[in-house]
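# Structure at a glance
Single-letter residue listing:
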Amino acid sequence: ATLANLRRPLWCRAEPGQLPSRASRNWREVAPGPDMSAVDVVELQLTALQANDAVTNDGISKTFEFASESNRAFTGPLPRFVDMIRQGYP
């Protein structure tokens, strides 16, 4: 990995298609559930962020949906989370 690549946000580093889990391939249809591993959730979130539609923010919304309850309470509501993802956070 190059230094420039390491400075990019984690979700920007992987190329689309590098995250092969079934959940990440169908990220729009998948709902949170106890049958998903932590790896599945992270892969889904990364894929959703990579495929985010700038108009609908569907990928950011899906990422927020899969965040823990405490994370959503801290970073939400969704419009605030969208701004945080788009503009960065301290």
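What comes next concerns the included structure. (Residues numbered from 1 in each chain as written. Predicted model: local features only at pLDDT ≥ 70, side-chain atom pairs only at ≥ 80, totals over all residues. Heavy atoms only, no water.)

Our next topic: the packing of aromatic side chains. For the coordinates displayed, the defined rule picks out 1 aromatic pair. Centroid distance Phe64 to Phe81: 5.0 Å. Interplanar angle 45°. Geometry classified as tilted. One end of the pair, Phe64, is in helix 5 (residues 58–65); the other, Phe81, is in helix 7 (residues 78–87), with 17 residues separating them in the sequence. The burial state of Phe64 is the same as that of Phe81; both residues are buried. (Phe/Tyr/Trp six-rings, centres within 6.5 Å; stacked < 30°, edge-to-face > 60°. Helix = DSSP H or I, 4+ residues; strand = E, 2+ residues; numbered from the N terminus. Buried < 20%, exposed > 50% of the residue type's maximum accessible area, 1.4 Å probe, protein only.)

This paragraph deals with the side chain of Thr47. Here Thr47 lies in helix 4 (residues 38–50). Classification of Thr47 as buried rests on a relative accessible area of 14%. Reaching out from Thr47, the side chain makes a polar contact with the backbone oxygen of Glu43 at a distance of 2.9 Å. (Polar contact = N/O pair within 3.5 Å; in protein donor to acceptor, adjacent residues only side chain to side chain.)

On their own, these measurements won't tell you what the molecule is for.
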